[in-house]
Amino acid sequence: MKATLVWPAFHPYVSGPGEAHIPHGIGHIATECIRRGHQIELIDGRVCSMRKALRIIRDTESEVIGFSVLSAFVGYTKELVSFTKKARPDLGIAVGGIHPTVCPRDLPECDWLVQGEGEITFWKILEGEEGRGVVKGVSPDLGELAPIDRNLFKIAEKPLAWVEEPTASVMIARGCPYKCTFCQPAERILFGSRLRFRPVDSVISELEKLNLRSFMVDDDCFTCSPSYVEEFCERIRPLGLKWLCQGRADNIVDNVDLIKTMRDAGLIGMLIGHESGDNEVLNSLEKGTTVEQNIESTMILKGLGIKVWSNIMVGLPGESSAAVMRTLDMVKKMEPDIVSTSVFTPYPGSELADKCVDLRKSSEEIYYMRGRIEPKIEGPDYKFIAKALRQMQTSRSARMSHWAKSAAIMRPPLKAIRWLSRYARLMQYGFK
Ligand code: B12
Ligand code: SF4
């Protein structure tokens, strides 16, 4: 059967090097369908306009269309789903991804709403083995998945920082054993409570075949399983590739030898969710790390010659201005190579979002973009926060502040950009 899969990342702000990383979920789903002899047409919102997407949907020979939905894509998905219903009532419509999984009521018009993983469930839909309605996705054995067919994607991946092209992103594990309240239980609901890994062999042979100079492990928390990381390092070292990954401050402090092993195996830089410079805030987030570990982990990495990308979050419910200043002080002390600041965004399915339901300030998609600095909830002093973020940006340590930089570029013409993007979207519908 022929099917269309859509990555609705049409947002004009979705344009950093990270977004050039392939969407792994949809990549795996497509690859498994192709393996079973189905034909897949991909609409990739990063490189395709809404107008073109509508035209493809109108003219497609597919029998089923599937949308992969992050919260930031809900608006686009709703528009595309209602267009599909009108223009192509013969097409079966499936939605999946984190947002429908944790917030099914937001996308009511579909034939199948898949909660959880989709590699097996989507081909079962195509093969008529899945009844319509809300479907529980079957979790695949990661060892049995084929590496993603990367030819499906038409733009080359870009390094987030520090490493050279050609590069690629890989996802190795699913699930996370931690319980940060701004994130969980959403990820547990999506991937289950057990941490599952692709076999080291499969990851290494995929990387070997890609002919790369560098790669990034996109996993939420690569450092949380030392035995896997050790085996991975042993196997990746001979390939001489440079790489990046995400890690946690406590894992680094608790296992410096592992970090050395990673450095010797080509690790050039690590992204860490330091989040806050205030221990009370970290405790309230159930992050499981401390300010002291944040600082120490940065010193350890720098001492080993590994670059540090620090992820900071401000604008949390109940966070005082003094706590924000303590975060600024922590950043100044740590002097990370890059600071990526974001304003707390309540994502559905997380414990903290449930506490903020009545505090929401905006209903636009922009609300779900973590890098944006406009008010998200009632409570935080956003003017003060903006000033603190500017200071982080201008502090010597944070010269390269990633989000702050993009926010600064985007802030002045914000209204004009919003107006233009709305206008462009209206125009996109004018073709009919
Ligand atoms: C890597 C990553 C990034 C990278 C690369 C993004 C990319 N191109 O994929 C970067 C750093 C750029 C990034 C950016 C953002 N990200 Co991000 N990211 C991730 C991360 C760590 C891994 C994504 C992944 O590949 N997962 C593995 C695959 C296998 O899972 P999956 O995509 O969910 O797909 C499975 C199921 O959901 C389901 N499924 C998915 N689609 C479909 C479709 C159908 C039809 C069916 C049946 C099933 C189905 O089946 C898939 C296979 O099993 C996740 C956390 C996580 N562990 O998933 C966060 C995560 C997806 N990101 C998140 C967010 C918020 C963002 C940003 C919006 C943040 C921002 N900047 O403001 C941006 C948006 C980027 C964009 N592309 O538009 C949130 C989403 C929360 C939400 N409710 O939407 C997550 C869950 C992290 C979190 N807990 O906060 N991200
Ligand atoms: S924020 Fe990271 S470490 Fe915390 S629960 Fe989510 S994925 Fe795990």
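Provided above is the structure to which this section pertains.
The shown structure was predicted, so the numbers you read here are calculated from the model rather than taken from an experiment. (Residues numbered from 1 in each chain as written. Chains lettered and ligands numbered in written order. Predicted model: local features only at pLDDT ≥ 70, side-chain atom pairs only at ≥ 80, totals over all residues.)

Caption draft 1: Expanded view of the site of ligand 1. Taken together, 43 residues lie around ligand 1, and Gly18, Gly25, Gly66, Gly96 and Gly118 are the ones closest in. When residues of the shell around ligand 1 are traced back to their parent elements, those giving at least two are α1 (24–35), β3 (64–68), β4 (92–96), α4 (98–102), α5 (119–126) and α6 (186–191). Per-element accounting of the shell around ligand 1 gives the leading share, five residues, to α1. Looking at the shell around ligand 1 residue by residue, the class counts come to 22 nonpolar, 14 polar and seven charged. Structurally, the shell around ligand 1 is a two-domain feature, drawing no fewer than three residues from each of domain 1 (2–143) and domain 2 (156–400). (Near = placed C-beta within 6 Å. Helix = DSSP H or I, 4+ residues; strand = E, 2+ residues; numbered from the N terminus. Nonpolar A, V, L, I, M, F, W, Y, C, P; charged D, E, K, R; others polar. Domains from an automatic or database assignment.)

Caption draft 2: Representation of the sheet that holds β3 in the model. One open sheet holds the six strands; their spatial order is β2-β1-β3-β4-β5-β6, and the pairing between them is parallel. Strands at the two margins of the open sheet, each flanked by one partner only, are β2 (39–44) and β6 (133–136). Across the sheet, the axes of successive neighbouring strands diverge by a mean angle of 20 degrees, strand direction being ignored. Bridge analysis of strand β5 (residues 112–115) against β6 gives four bridges, and the strand direction is parallel. Bridging across to β6, valine 114 finds its partner in valine 135. Strands in contact with helix α3 (residues 74–87) are β1 (2–7), β3 and β4; relative to β3, the strand with the most contacts, it is inclined by about 170 degrees. α5 rests against β1, β3, β4, β5 and β6 of the sheet, and its axis sits at about 160 degrees to β3. (Pairing = 2+ DSSP bridges. Axes fitted to C-alpha atoms, helices over the stretch in contact; angles between N-to-C directions. Contact = placed C-beta atoms within 7 Å.)

Caption draft 3: Representation of the packing of helix α2 (residues 50–59) against α3 in the model. Orientation of α2 relative to α3, taken along the N-to-C sense of each, is 35 degrees, at an axis distance of 10 Å. Taken as a pair, α2 and α3 cross one another with a handedness that is right-handed. Contacts from Ala53, Leu54, Ile57 and Arg58 in α2 reach Leu80, Phe83, Thr84 and Ala87 in α3. Considered class by class, the residues forming the contact of α2 with α3 number six nonpolar, one polar and one charged. (Left-handed = near helix turned anticlockwise from the far one by under 90°.)

Caption draft 4: Highlighting the nonpolar core. Ranked by internal contacts, the top residues of the largest apolar core, which has 68 residues, are Trp243, Leu244, Cys245, Leu267, Met270 and Val314. Ranked by residues supplied to this core, first place goes to helix α13 (residues 321–334) with six residues. Excluding residues that lie within four positions of it along the chain, leucine 244 makes contacts with Leu160, Trp162, Val163, Met216, Ile268, Gly269, Met270 and Leu271. Core analysis: the second largest hydrophobic core is formed by 40 residues, Ala3, Cys33, Met50 and Phe73 among them. (Core = buried A, V, L, I, M, F, W, Y, C linked by C-beta atoms within 7 Å. Buried ≥ 20, exposed ≤ 12 C-beta atoms within 10 Å, placed from the backbone.)

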